[in-house]
Amino acid sequence: MSKYKNPSLGLSTPVMSTTSQDILIKDFLVRFSALKYFVDKSFQRNLVWSSEKQSNYIQSVADGCASSSMIVACIRSALDASKQLVESAGVNFLEKLLSDGFDWLSLDGMQRRDTILKFVNSEISLNIVLKDISGKPYNCQGKYFKDLPLAVQHSFLHNKVHVVTHIHTPYSKCPIIFRAINDGASLNPQESRTAIITPVSDKIRTMAETTYQDVWPTIESFNENKIKRMADSEALLHMFMELMPEIQEKDFISNTHCDNFYFHGENKHHLANVPKYRSFAHAQDIISLAMDCFRQQRSGLKKIPKKTMWAVVYACREI
């Protein structure tokens, strides 16, 4: 592996690089199957593409004009780089991925890959026009891939997608690359700050999307699209900011204040190592009590207003 000396650390630092290639879809499906391709929920956003956006992307692939690349990190070389930098948390995480059979870590293109897989696996039908191997157009609207003529299937599977692979990229750099790729593009503030490596990021997202996923539909303004764009995680963030006395910046409207809540623990791996997170567990207990109260809301009744949600949170804090 190419490397240079970092005088400030006295360590050999890996030289990161990228490779790129066009891959036939039939080969892409094998190389980047669910068994080989890992989506890191600690910094990736949710799947949010509409049917229209999925159709537009598949059409661009079929027309040979899909310009956006799939971007992945090679896990094996990432592990080598993380070992060189003595990043124990990254080493442990990547070793686990390798032992589970994964070869690639998603950095960008998760939505595009998911759309290709769902289309070819006949999980979605799209409003597109494909061509058969002779170039004759075929209207696919309302049809699943498995029901298309074999000549159309064959033609689509021999289209190409572009893949960029990051080599010797330590795990600590992966969320930074993800944020840089999406900077100023489609990430909203919560999706961006979730990609910060901090001990609270994954905890908040897991609570929002798993532990309390049944609660959000009972609260006013939490529709499906907003939840996909992490409005649930952002709501929990605001609760923690309000309930933790060591957090002095409590202006929820300020993205800077919200970002700082995550930055307090950047590159730390345990809550105990971050003084600003001292009361996180206590705040979590209060939120759990509030969520149990919301679950008492019977189905069919009017949704809980946001001001009532906060009143319940404050009441649980006093309890």
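As a reminder, the structure under discussion sits directly above these lines.
Residues numbered from 1 in each chain as written. Predicted model: local features only at pLDDT ≥ 70, side-chain atom pairs only at ≥ 80, totals over all residues. Heavy atoms only, no water.

Digging into the overall build of the protein
Per the secondary structure count, the protein includes 14 helices and nine strands. Expressed as lengths along the three principal axes of its C-alpha atoms, the size of the protein is roughly 70 × 65 × 35 Å. Taking all 319 residues of the protein together, 48% fall into the buried category. Restricting the contact set of the protein to residue pairs at least 6 apart, pairs at least 24 apart contribute 73%. In the structure as shown, the protein presents an accessible area of about 16,000 Å², 52% of it carried by carbon and sulfur atoms. For the protein, the separation between the mean place of its 38 positive charges and that of its 33 negative charges on side chains is 2 Å. (Helix = DSSP H or I, 4+ residues; strand = E, 2+ residues; numbered from the N terminus. Buried < 20%, exposed > 50% of the residue type's maximum accessible area, 1.4 Å probe, protein only. Contact = heavy atoms within 4.5 Å. Areas by Shrake-Rupley, 256 points an atom, 1.4 Å probe, with all protein chains shown as cover. Lys, Arg positive; Asp, Glu negative; His and termini not counted. Charge placed at Lys NZ, Arg CZ, Asp CG, Glu CD.)

Some words on the environment of E246
Along the polypeptide, E246 turns up in the loop between helix 11 (231–243) and helix 12 (255–263). Taking the C-alpha atoms as reference, E246 lies 12 Å from H282; in sequence the two are 36 residues apart. Here E246 is in contact with P275, K276, Y277, R278, S279 and F280, once residues within four sequence places are set aside.

Examining the pairing of strand 6 (residues 104–108)
In terms of residue burial, strand 6 counts as a mostly covered element, since five of its five residues are buried. Inspection of the sheet shows strand 4 (residues 37–38) paired to strand 6 by two bridges, in the parallel sense. By the bridge assignment, Y37 is partnered in strand 6 with W104. Where strand 5 (residues 70–74) meets strand 6, four bridges bridge the pair, whose relative direction is antiparallel. (Pairing = 2+ DSSP bridges.)

A closer look at the nonpolar core
Judged by nonpolar contacts, the single largest core of 37 residues is most densely connected at I204, W216, L236, F240, F261, M291 and F294. Taken together, the elements giving at least two residues each to this core come down to helix 9 (201–211), helix 11, helix 12, helix 13 (280–294) and helix 14 (306–318). Once residues lying within four places of it in the same chain are set aside, the contact partners of M291 are Y212, V215, W216, L236 and M239. Membership of the second largest hydrophobic core comes to 32 residues, among which are F28, I116, L148 and F156. (Core = buried A, V, L, I, M, F, W, Y, C linked by side-chain atoms within 4.5 Å.)

Examining the side chain of N188
Counting through the fold element by element, N188 comes out in the loop between helix 7 (174–182) and helix 8 (189–193). Within the structure, the side chain of N188 is placed 2.8 Å from the backbone nitrogen of E191, a separation counted as a polar contact. (Polar contact = N/O pair within 3.5 Å; in protein donor to acceptor, adjacent residues only side chain to side chain.)

With respect to the side chain of H166
In this fold, H166 is placed in strand 9 (residues 160–167). Its relative accessible area of 14% is what places H166 among the buried residues. In this structure, H166 is in contact with S17, T18, I71, V72, A73, C74, S77, L107 and I177, ignoring residues within four places of it in sequence.

Concerning the environment of K83
Looking at the element boundaries, K83 is found in helix 3 (residues 75–84). A relative accessible area of 44% means that K83 is categorised as partly exposed. K83 has contacts with V91 and E95, leaving out every residue within four places of it along the chain.

Quick word on unusual backbone geometry
Despite not being glycine, V86 shows a phi value in the positive range, around 55°. Looking at where V86 falls in the secondary structure, it is placed in the loop between helix 3 and helix 4 (88–99). Judged by its relative accessible area of 61%, V86 falls in the exposed class.

Observations concerning helix 14
An ideal rise of 1.5 Å per residue puts 18 Å on 13 residues; helix 14 measures up with 19 Å between its terminal C-alpha atoms. Where the residues of helix 14 are buried, they touch helix 11 and helix 13. (Expected span 1.5 Å × (residues − 1).)

Considerations on the pattern of salt bridges
Enumeration over the complete set of coordinates arrives at 15 salt bridges. Between E191 and R229 there is a salt bridge, with its nearest N and O atoms 2.6 Å apart. Of this pair, E191 sits in helix 8 while R229 sits in the loop between helix 10 (224–228) and helix 11, and the two are 38 residues apart along the sequence. Judged by its relative accessible area of 0%, E191 falls in the buried class. Shared partners join several salt bridges into a network, and the residues in it are R193, E234 and D259. (Salt bridge = Lys/Arg side-chain N within 4 Å of Asp/Glu carboxyl O.)

Some remarks on the state of the cysteines
This structure, assessed with the given rule, holds zero disulfides. For the unlinked cysteine C174, the closest cysteine sulfur is that of C74, found at 11 Å. The class of C174 is buried, set by a relative accessible area of 1%. C316 supplies the cysteine sulfur nearest to C293, a cysteine that is in no disulfide, at a spacing of 4.2 Å. For C293, a relative accessible area of 37% corresponds to the partly exposed category. (Disulfide = S-S within 2.5 Å.)

Observations regarding the sheet that holds strand 5
Taking strand neighbours across the sheet as the criterion, the five strands line up as 3-9-5-6-4 in an open arrangement whose pairing is mixed. Each edge of the sheet is formed by a strand with only one pairing partner; in this case those strands are strand 3 (17–24) and strand 4. Against the sheet, helix 7 engages strand 5, strand 6 and strand 9, with an angle of about 30° to strand 6. (Axes fitted to C-alpha atoms, helices over the stretch in contact; angles between N-to-C directions.)

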